Structures are given as C-alpha cells and as structure tokens.
Amino acid sequence: MFTRLRRSRQLRRARPGDGSALKRFRWWQLATRTLFDLEPAPDGTRPARYTVDVRYLAAELEGGKIPEGSKHAQVSLYRDGVQENIANPPVAFAVPDGVIEVATNSYGLTRMHHVPEGGYPRALHPHPRTLEGLRARFGRRFPLASALIGAIAIVVLLVGVVMMVPQAAELITQIEVVAENVGTFTSPISLPAWLNVSLVVAGILAATERALTLRNHWLIDAETTWTAFA
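Residues numbered from 1 in each chain as written. Predicted model: local features only at pLDDT ≥ 70, side-chain atom pairs only at ≥ 80, totals over all residues. Heavy atoms only, no water.

Notes on helix α3 (residues 131-141)
Note the threshold: The classification of residues rests on relative accessible area computed with a 1.4 Å probe and restricted to protein chains. Under 20% of the type maximum is buried, over 50% is exposed, and intermediate values are partly exposed. Elements are defined by DSSP. Helices are runs of H or I of four residues or more, strands are runs of E of two residues or more, and each kind is numbered from the N terminus. Taking the helix axis as origin, the arc is that swept by the directions to the C-beta atoms. Only heavy atoms matter for contacts: two residues are in contact if any of them lie within 4.5 Å across the pair.
The complete set of buried residues in α3 reads Glu132, Gly133 and Arg135. Summarising the axial view, the buried residues of α3 lie within an arc of 160 degrees, below the 170-degree limit, and thus occupy one face. In this structure, the buried side of α3 is in contact with β2 (33-38), β8 (108-116), β10 (125-126), α4 (143-173) and α6 (193-212).

Looking at the pattern of salt bridges
For the record, the criterion: One speaks of a salt bridge when a side-chain nitrogen belonging to Lys or Arg is within 4 Å of a carboxyl oxygen belonging to Asp or Glu.
If you walk through the whole model with that rule in mind, you get 8 salt bridges. Between Arg111 and Glu101 there is a salt bridge whose closest N-O contact spans 2.5 Å. With Arg111 in strand β8 and Glu101 in strand β7 (residues 98-105), this residue pair connects regions lying 10 residues apart in the sequence. What makes Arg111 partly exposed here is its relative accessible area of 25%. Here the residues in one salt-bridge network are Arg7, Glu101 and Arg111, joined through shared partners.

So, the side chain of His113
In this structure, His113 sits in strand β8. By relative accessible area, which is 13% here, His113 ends up buried. Residues in contact with His113, not counting those within four places in the same chain, are Val99, Ile100, Glu101, Pro121, Arg122, Ala123 and Leu124.

Structural notes on the sheet that holds strand β1 (residues 15-16)
Put simply, the rule is: A pair of strands is considered paired only if DSSP assigns at least 2 bridges between the two.
Read across the open sheet, the 6 strands follow the order β1-β5-β4-β3-β2-β10; overall the sheet is antiparallel. The open sheet has two edge strands, β1 and β10, and neither has a second partner. Sheet analysis places β2 next to β10, joined by 2 bridges and oriented antiparallel. Bridging from a neighbouring strand, Asp37 pairs with His125 of β10.

Describing empty space enclosed by the protein
Which entries qualify depends on this criterion: Site definitions follow a grid-based scheme: protein atoms alone, a 1 Å grid, a 1.4 Å probe that fits but cannot get out for cavities, and for pockets an open set with protein on both sides within 12 Å along at least five of seven lines, plus lining residues having an atom within 4 Å of a point. Grid points are joined across faces, edges and corners, and a volume is the space filled by probe spheres set on the points.
Under the criterion given, the structure shown has 1 cavity of 30 Å³ or more. One number sums up the size of the largest cavity: a volume of about 50 Å³. Listed by contribution, the elements that provide at least two residues to the lining of the largest cavity are β8 and α6. Ranked by the residues each element gives to the lining of the largest cavity, the list is headed by α6, at 3 residues.

Things to note about the pairing of β2
The side chains of a regular strand alternate, residue by residue, between the two faces of the sheet. In terms of burial, β2 is largely enclosed, as 6 of its 6 residues are buried. Taking every second residue as pointing to the same face, both faces of β2 are buried, with Arg33, Leu35 and Asp37 on one and Thr34, Phe36 and Leu38 on the other.

Some thoughts on the sheet that holds β7
One open sheet holds the 4 strands; their spatial order is β6-β7-β8-β9, and the pairing between them is antiparallel. The sheet is open, and its two borders are formed by β6 (91-95) and β9 (122-123), each paired with just one other strand. Note that β7 and β8 share 8 bridges and pair antiparallel. Along β8, the bridge assignment pairs Ile100 with His114.

Side note on the nonpolar core
Note the cut-off: Buried Ala, Val, Leu, Ile, Met, Phe, Trp, Tyr and Cys residues that are joined via side-chain atoms within 4.5 Å together make up what is termed a nonpolar core.
Counting 18 residues, the largest nonpolar core has Val52, Phe93, Ile100, Val102 and Met112 as the members making the most contacts within it. Secondary structure elements with two or more residues in this core: β2, β3 (50-55), β4 (75-79), β6, β7 and β8. For Val52, the contacting residues outside a window of four places in its chain are Thr34, Leu35, Phe36, Val75, Ser76, Leu77, Ile100, Val102, Met112 and Leu124.

Details of the packing of α3 against α4
We apply this condition: Only the stretch in contact is used when fitting a helix axis, every axis being a line fitted to C-alpha atoms; angles between N-to-C directions are given from 0 to 180 degrees. Just so you know how the angles are binned, under 35 degrees is roughly parallel, over 145 roughly antiparallel, 65 to 115 roughly perpendicular, and the rest oblique. For this classification, the nonpolar set comprises Ala, Val, Leu, Ile, Met, Phe, Trp, Tyr, Cys and Pro, the charged set comprises Asp, Glu, Lys and Arg, and every other residue, Gly included, is treated as polar.
Here α3 crosses α4 at 120 degrees, and the two axes come no closer than 5 Å. Taken together, α3 and α4 sit at an angle that is classed as oblique. For the pair formed by α3 and α4, the contact residues are Arg135, Phe138, Gly139, Arg140 and Arg141 on the first element and Pro143, Ala145, Ser146 and Ile149 on the second. In the contact of α3 with α4, the residues fall into 4 nonpolar, 2 polar and 3 charged.

Spelled out as structure tokens, the structure:
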C-alpha cells in the first residue's frame, strides 16, 4: 500500500513537456548531465524508445530552487526523441507497460529503473558517453576490478556510518529539551583533522561510485543521506 501511494504521488509530479527534440550529449556535460534509454519491448507492448535526460545543475539555473512551472526541470522524458514529460525528482513516468522511476541524491542517481506491471524493476541503459555509461563499460571490461572498487566503496561508507552514529548522538543530545530529559553524550571518537578530511574525501568518492552504478541501500548509504540533510 505504501508503495502504491508513493508511486501515485510521484506520477503526479510529472508535467507535460513542450515537444522539443532531445539534444545530443556533449563531452563537456559529463559532470552536469546524464542520459538513460529504455528500448522498445520485443513483444510490441512498448513500441517506442524512451530516453530520460537528467540535468544536475537545473536547480542552480533557477537560483537554488526549481519552480513547478520552470523549463529547467531536472528530469525530462523523451519518446522517440520528443520531449513528453518534465519533472523534478523523485518522479515516476507512465509508459505503456509500467512506469519509469527516477530518484537522485547529492551525489547522483539512486534510481533509474523501469518497473513493468507485475514484473521486477530493471535499470535503464546509460548513454555510453555519460559517466554512468563509462563506468558500466569499465565494469564489463574489467569485472574483477569493478567488483573490488564496489566492495571498497561499501567498506568506506560503512566506516562512515560507524563514525556518524556517535557524532549524531552527540549533536542530538545538545538540543536543550533532549539534554534536560536524557542528558548529554560526548562522542568517544576524536580524529585528527587530516584523517577527518581524508574520510570525507573517501566518502564522497565512494558515494559517487555507488551513484554511478545505481546502487543504494538504506544502511550502506546512510552516511550520504545524513550528509545531504546536514
């Protein structure tokens, strides 16, 4: 029931597009744009090709917040190269045999999946020249190295979660109401500045790696969620 309500809300976020043509991906857009494709279904239930265009700097073009009627919406859906819908994530776009779900965080994408009716979610194919496409090609050519990088990213983020918990507890107990009723807590972990900076940099790289491969887990990526709202 919760899933249906969430999807219904996300479907309502999609607004009609202006019918403009999909623009080519340029190399200088590597850090600001990505494209994903959903090919036509072999059984003919979805004859069109759908492309999702994500612009990471859309909010900055609007001064930090994207109004609902803005032409700079962060996500656009194209049907056979023609803009059909625009929205700000998280959003679900209706397609003939299901929906396309799109979600982002501060480091990139957390979801870019086609969810067919009565079927299992499947990630869309990244454009080969985007960062996600280049990372996917690296994974196909060097599967062992790719798996190792993914494992290292998980370890780095888990270490970040362990470091985050006592610091979050200390921060919460500094609130006057909490301190009066529960008391205060001082984190036993105190790291030198250089190690803190190193952990932050490693966490950013690990979170970016997870975003490029469309991986997201409530525990492993908890540190990135905390950082996004901090």
